[in-house]
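Report on the structure
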Amino acid sequence: MTAPAPQRSTLDLIGNTPLVLLKGPSEAAGCEIWGKCEFANPGASVKDRAALWIVRDAEARGELKPGGTVIEGTAGNTGIGIALVCNALGYKAVIVMPDNQSKEKMDTLRALGAQLVTVPPTKFSDPNHFVHTSRRLAAETEGAIWANQFDNIANRKSHIESTAPEIWQQMDGRIDGFTCAAGTGGTIAGTGMGLKAFDEGITIALTDPYGAALYNYYAHGELKAEGNSVAEGIGQGRITANLDGAPIDTQFRISDEKGLEWVRRLLAEEGLCLGLSSGINVAGAVELGRKLVAEGKRDVRVATILCDTGFRYLSSLYNREWLESKGLPVFPWLAS
Ligand code: PMP
């Protein structure tokens, strides 16, 4: 056993996450399915990488100066990543979110020391939407930058420069396919680009939830959403700057029920407590593995992203009343 290398800075704890072989998904696919444990980042999600790269990029461009402020409109993992990175580097973090978000999320961001600004939920075209509010606030605040995770490609660069080379190295260069879902698209585009730079033959697949427009875009060239999903952090309706030029070879669409089934099995059978986007990613990886096996490939190895910890969803995914209110199956151990 090799212990992880000691690090001289807490920021160096971001990335270099473990990769684990997933037993149930591998059996279901008839090939090896590997999960990149992004819940092992300090902020317990894949978004720590984007947060660090966005802040470092703003510093390198001279926009973010000592004592400055990072402002972002986000309700979730990106805000948590930004808050931690800002603490470590002496910046202030201001997070703008709609006031209908879970108390858990607001409590978490406040606990980390971020300044929270809440606005009423409204449609994207409304200038008071939380994203536009965050952009405006950044423009009006002395010494502040707007993180702009959707269209700031420092986000996908984090995956080109860290996630992809880590997976390539951890799999000894023997990887046939990679898949994950898109929120900003930074993870799928950046990891896809980075892996293709090592081996053009690696199949990159988008795994889309319902309620998002990307499946139809990559399958039929039309941005069109169908159905809906309760998965947080994924589901995109446009080609963000991060998604622009993403090397997507194929695509799958996965229901919440299917994703939830893998969340249940990975917890009950393998002891991993994950969020729904991870379950959807694993379902997509099983589809991709089956497809590559059906095409006659031997010894197929597929990787995907385990995006965040399930501990973030105790009052939703892991709560009986919440699951019932959404018409979703309740995990058997929560039923009584
Ligand atoms: N899963 C979760 C839980 C997330 O918070 C995010 C980030 N929005 C994603 C997946 C998708 O990552 P990306 O923004 O890189 O597409």
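Residues numbered from 1 in each chain as written. Predicted model: local features only at pLDDT ≥ 70, side-chain atom pairs only at ≥ 80, totals over all residues. Heavy atoms only, no water.

Turning to the overall build of the protein chain, a few remarks are in order. What the protein chain contains, in helices and strands, is eleven helices and ten strands. With the C-alpha coordinates of the protein chain rotated into their principal frame, the extents come out at 60 × 45 × 45 Å. Sequence-distant contacts in the protein chain: of pairs separated by 6 or more residues, those separated by 24 or more amount to 68%. Just so you have it, the protein chain exposes about 14600 Å², and 51% of that area is on carbon and sulfur atoms. One way to put it: in the protein chain the 33 positive side-chain charges average out to a point 1 Å from where the 39 negative ones average out. (Helix = DSSP H or I, 4+ residues; strand = E, 2+ residues; numbered from the N terminus. Contact = heavy atoms within 4.5 Å. Areas by Shrake-Rupley, 256 points an atom, 1.4 Å probe, with all protein chains shown as cover. Lys, Arg positive; Asp, Glu negative; His and termini not counted. Charge placed at Lys NZ, Arg CZ, Asp CG, Glu CD.)

On to the environment of P42, then. With respect to the element layout, P42 can be found in the loop between β2 (32-37) and α2 (47-60). Through-space distance from the C-alpha of P42 to that of V85 is 9.6 Å; in sequence the pair is 43 residues apart. Beyond its immediate stretch of four places on either side in the chain, P42 contacts L13, I14, D48 and L84.

This part takes up the domain arrangement of the protein chain. Taken domain by domain, the protein chain holds domain 1 (10-40 + 163-327) and domain 2 (47-146). Each partner contributes to the interface: domain 1 provides 17 residues, whereas domain 2 provides twelve residues. Surface buried jointly by domain 1 and domain 2 totals about 1100 Å² across both partners, of which 47% is contributed by carbon and sulfur atoms. The largest per-residue losses of area from domain 1 upon contact with domain 2 belong to L11, I14 and R312, which jointly make up 55% of the total buried on that side. In this assembly, domain 1 and domain 2 are joined by three salt bridges. When the shortest N-O distance is used, the salt bridge between E232 and K105 registers 2.4 Å. (Domains from an automatic or database assignment. Buried area = accessible area lost by both parts, 1.4 Å probe. Salt bridge = Lys/Arg side-chain N within 4 Å of Asp/Glu carboxyl O.)

Moving on, we get to unusual backbone geometry. Not every positive phi belongs to a glycine, and N16 is a case in point at roughly 50°. Relative to the elements of secondary structure, N16 occurs in the segment before β1 (19-21). The phi dihedral of D299 is positive, around 50°, even though this residue is not glycine. As for its position among the elements, D299 is in the loop between α10 (276-294) and β10 (301-306).

Moving on, we get to the site of the ligand. In the vicinity of the ligand there are 15 residues, among which G183, T184, T187, G233 and S277 approach most closely. Within the side chain of K47, a nitrogen or oxygen atom sits 2.8 Å from an oxygen atom of the ligand. (Near = heavy atom within 4 Å. Polar contact = N/O pair within 3.5 Å; in protein donor to acceptor, adjacent residues only side chain to side chain.)

With that out of the way, let us pick up the side chain of R49. Tracing the backbone through its elements, the reader meets R49 in helix α2. Overall, R49 belongs to the buried group, its relative accessible area being 0%. Within polar-contact distance, the side chain of R49 engages the side chain of T163 at 3.4 Å. In contact with R49, other than residues within four places in its own chain, are I14, G15, N16, T17, K36, E38, N41, S158, H159, S162, T163 and E166. (Buried < 20%, exposed > 50% of the residue type's maximum accessible area, 1.4 Å probe, protein only.)

Attention now moves to helix α3 (residues 77-89). Between its terminal C-alpha atoms α3 stretches 18 Å, which fits the 18 Å expected from 13 residues at 1.5 Å a residue. As for α3, its buried residues are in contact with α2, β3 (69-73), β4 (92-98) and α4 (103-111). Among the residues trailing α3, G90 stands out with phi positive, at a value near 80°. (Expected span 1.5 Å × (residues − 1).)

Our next topic: the packing of aromatic side chains. Counting across every chain of the model gives four aromatic pairs. With 4.9 Å between their ring centres and 5° between their planes, W168 and F198 make a pair best called stacked. Of this pair, W168 sits in helix α6 (residues 154-170) while F198 sits in helix α7 (residues 186-198), and the two are 30 residues apart along the sequence. For W168, a relative accessible area of 21% puts it in the partly exposed group. For F198, a relative accessible area of 39% gives the class partly exposed. Taken together, the ring pairs connect Y318, F331 and W333 into an aromatic cluster. (Phe/Tyr/Trp six-rings, centres within 6.5 Å; stacked < 30°, edge-to-face > 60°.)

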